[in-house]
Amino acid sequence: MEAILTECVRNSLEHLLYRNAIFMCERLCAEFPSEKNLQLLASCYLRNNQAHCAYYILKGKQAAPCRYLFALSCFQMDLLNEAEAALSSTDVPNGAAGHYLLGLVYRYTDRRQRAINHFNQALSLDPLLWAAYEELCILGAAEEASSVFDKGASLCIQKQYLNHGSGTQSLQTPNEDHDGASSRTLGSEDISPRKLKQMHGNNLRDISGNYHGTTNQPVTGVPIGLPFYSTPSPVTTQAQLSGVAPPPLCRNVQPNGPNLRTYGADSTPRATVNSNIAGPRRKFVDEGKLRKVSERLFSDSGQRRSTRLAGGPKSSSVTTRSLTIRKGQSWASDATYEGARHDMDDESRLNATTSSSSPHGDNRAGPEGDARSSVAAVPCNSKVIDGASDILALLRLLGEGFRLSCLCRCQDALDTYTKLPPKHYNTGWVLSQVGKAYFELVDYLEADHAFTRARHFTPYSVEGMDIYSTVLYHLKEDMKLSYLAQELIYTDRLAPQTWCAMGNCYGLQKDHETALKNFQRAVQLNSRFAYAHTLCGHEYVALEDFENGIKSYQSALRIDPRHYNAWYGLGMIYLRQEKFQFSEHNFRVAFQINPFSSVIMSYLGTALHELRRNSEALEMMDRAILADRKNPFPLYQKANILASMENLDGALAVLEELKESAPRESSIYALMGRIYKRKNMHGKAMLHFGQALDLKPSATDVASIKAAIEKLHVPDELDDEEC
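Just so we're clear, the structure is a prediction, and the values are computed from it rather than from any experiment.

### Comments concerning the overall build of the protein chain
- In terms of regular secondary structure, the protein chain is built from 36 helices and two strands.
- Looking at the protein chain as a whole, 61% of its 723 residues qualify as buried.
- The contacts of the protein chain with a sequence gap of at least 6 include a subset with a gap of at least 24, amounting to 69%.
- Carbon and sulfur atoms make up 53% of the accessible area of the protein chain, which amounts to about 27400 Å² in all.

The structure is reproduced here in structure tokens:
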């Protein structure tokens, strides 16, 4: 009876019939209340997105698989202290996956060094646990990919695969294998790295909340199917390896639909949790409008998104926007199809090689059987070695590109990605990373092109769509942005990226209150999505609610201390509040994280100027100009600083240069008029004031310019106007 019920539960899980699996497993536990069966019931609840049920079932259980699943339940319920206690009470369960989960717990409890140690430990146990390397990149602690995915990693993979292959002959029937495997953990000696990657690398990678949108993804706790390397028939192998059909384009009917693949007969726990890692970490820098500067030069409308003053190729005005990107990481669904295909290839190759050393061949007496076994061992070893080398060569390119992107070395990252084979370059994850890199470089047209291709290859994925929506915001493509938001709602309304796109759509229409509600919805769906908190902060600033804006930025920094856009947002608030020391501190931290941003340098220089540290301010403005010659803001600010230092000729020279790149900016002519007034050249001053008015500035700037004209003949010492 127990075997029949167990098989029924496993078949139900294989066919994604979770309600039936839960019902039958409850009958199983009522009849045979063993810890192994309770673990199976907990895994059913985790798959059905009911972490609280698994929590109560597994609470107090001491078996390693039970502790691992209990920790997953706690992680989903945000009970990080209990998750830590379950994972670290004795030895860390489930090998590499356990260390990865414990690293996430340490990361979200602000213990960076411990998190780094456990992510490194996870990689040492399983070099193919890509999610651990992603986390190290996000923390800014990753070594070069060439030193991580090296010969040592290849030897580790070969050892694990070959050891597992030699142990295949001792495998029993599926039920016996299930019983024997239920009490062991996924250590490096117990299971192959490929299986560990499938069970934990592909699934557990979505635990981390900083990157991705869909929350509370189901957790697999019980493997399903035949034993690995048991050399079944080709038809059976294909069916077992394919697991389940690809997820549908629309996942709205069943919230957080599964993205699982099920394998083998052994009941070792494995899991996928809320796929909210992401990447990316998209970060966002916001530029506000400074006092006495034309709104056409420093526009409030772009307050969270652009890295340059120019709002984009379609805007003739020079606007201050914000620098965005959330570096991060890949979304699990981007790799689902590609990974399944490669896994099937690997499985079929290994099955083919192990078939020659099956029990029938090994049990044959005489030199003929021995000779066949020795001959078969050579191609088997050779295929494993070649396969490991190919995989690691690919991971070296992907890993190095992602590491450089996290360090804000975006051009180097793009150069690395171009070295990928076309079949890997033209995948959703890679193209999303390429789009993010171009976005960081303020090349919105190229970013749009990359994200469009990503949508073409993976229309079911929401990876990077928050950044893509911001690209369209900068390009003022309101129709495309609206269409993208509607597509994402249809595809996955439970992903925070979807609601970030909706918020950007309303933000482009200047409906800040509705935009804020959409961003808050994204936070509700995934409280560990740092970019959503940052966007909330930008909307609060647009609504002049600085107190809540500061709280939102601080929430983003609690999730990701390297989210430099939140540091930038805090700096902008303090700059507007004239708290210049606080502003300088926050801009300085943002600059240390991203030393390549012209916008951050410009505003850091502005804060230094307000603190009367003009020499440092000028040096920073020069660096900003060199970093991005297309950004007119540092040139304008440099002219302001020179004018305040009474270097009027130098300021006029800078403004003349700026006129060439931004000939229709009223703020430039207004500043030149004030400088000519100070030089007592009233005719030229009046000429430039008139040109500024002809360019139709905002009402505020019109009032300022007219006031300057009225005081044209008033001596400077009696004029309260500051240049």
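### Topic: the packing of helix α22 (residues 465-474) against helix α23 (residues 478-491)
- It is the contact of α22 with α23, at a shortest axis distance of 9 Å, that shows an interaxial angle of 160°. Considering their axes alone, α22 and α23 lie roughly antiparallel with respect to each other. Relative to α23, the crossing made by α22 is left-handed. Taking contact as the criterion, the partners of Met465, Tyr468, Ser469, Leu472 and Tyr473 in α22 are, on α23, Lys480, Leu481, Leu484 and Leu488.
- Tallied by class, residues from the contact of α22 with α23 come to seven nonpolar, one polar and one charged.

### Side note on the environment of Gln50
- Looking at the element boundaries, Gln50 is found in the loop between α3 (35-47) and α4 (51-58).
- Look at Gln50 and you get partly exposed, because its relative accessible area is 22%.
- Spatially, the C-alpha atoms of Gln50 and Gln76 are 9.5 Å apart, while their sequence positions differ by 26 residues.
- For Gln50, the contacting residues outside a window of four places in its chain are Ile22 and Tyr45.
- Among the polar contacts listed, one links the side chain of Gln50 to the side chain of Asn48, at a separation of 2.7 Å.

### A closer look at the nonpolar core
- Tyr133 and Tyr417 are the most contacted members of the largest nonpolar core, which has 153 residues in total.
- Every residue in contact with Tyr133, bar those within four places of it in the chain, is listed here: Leu123, Ala142, Glu143, Glu144, Ala145, Val148, Phe149, Gly399 and Arg403.
- Core analysis: the next-biggest nonpolar cluster, separate from the first, contains 38 residues, Phe439, Val462, Ala495 and Leu535 among them.

### Quick notes on the packing of α3 against helix α5 (residues 64-76)
- It is the contact of α3 with α5, at a shortest axis distance of 10 Å, that shows an interaxial angle of 25°. Viewed along their axes, α3 and α5 adopt a mutual orientation that is roughly parallel. Crossing handedness for the pair α3 and α5: left-handed. Contacts between α3 and α5 involve Glu35, Gln39, Ser43 and Leu46 from the former and Pro65, Cys66, Leu69, Ser73 and Gln76 from the latter.
- Of the residues assigned to the contact of α3 with α5, the class counts are four nonpolar, four polar and one charged.

### Details of the pattern of salt bridges
- In the structure shown here, the tally under the stated rule is 19 salt bridges.
- When the shortest N-O distance is used, the salt bridge between Arg111 and Glu84 registers 2.6 Å. Residue Arg111 is located in the loop between α7 (95-108) and α8 (112-125), and its partner Glu84 is located in helix α6 (residues 80-88); the two are separated by 27 residues in the primary sequence.
- The shortest N-O distance in the salt bridge between Glu547 and Lys551 comes to 3.9 Å. Taken together, the residues span about one helical turn, with Glu547 and Lys551 both in helix α27 (residues 546-559) at a distance of four residues.
- Among the residues examined, Glu547 registers a relative accessible area of 56% and is labelled exposed.

Conventions we followed
Residues numbered from 1 in each chain as written. Predicted model: local features only at pLDDT ≥ 70, side-chain atom pairs only at ≥ 80, totals over all residues. Heavy atoms only, no water. Helix = DSSP H or I, 4+ residues; strand = E, 2+ residues; numbered from the N terminus. Buried < 20%, exposed > 50% of the residue type's maximum accessible area, 1.4 Å probe, protein only. Contact = heavy atoms within 4.5 Å. Areas by Shrake-Rupley, 256 points an atom, 1.4 Å probe, with all protein chains shown as cover. Axes fitted to C-alpha atoms, helices over the stretch in contact; angles between N-to-C directions. Parallel < 35°, antiparallel > 145°, perpendicular 65-115°, else oblique. Left-handed = near helix turned anticlockwise from the far one by under 90°. Nonpolar A, V, L, I, M, F, W, Y, C, P; charged D, E, K, R; others polar. Polar contact = N/O pair within 3.5 Å; in protein donor to acceptor, adjacent residues only side chain to side chain. Core = buried A, V, L, I, M, F, W, Y, C linked by side-chain atoms within 4.5 Å. Salt bridge = Lys/Arg side-chain N within 4 Å of Asp/Glu carboxyl O.

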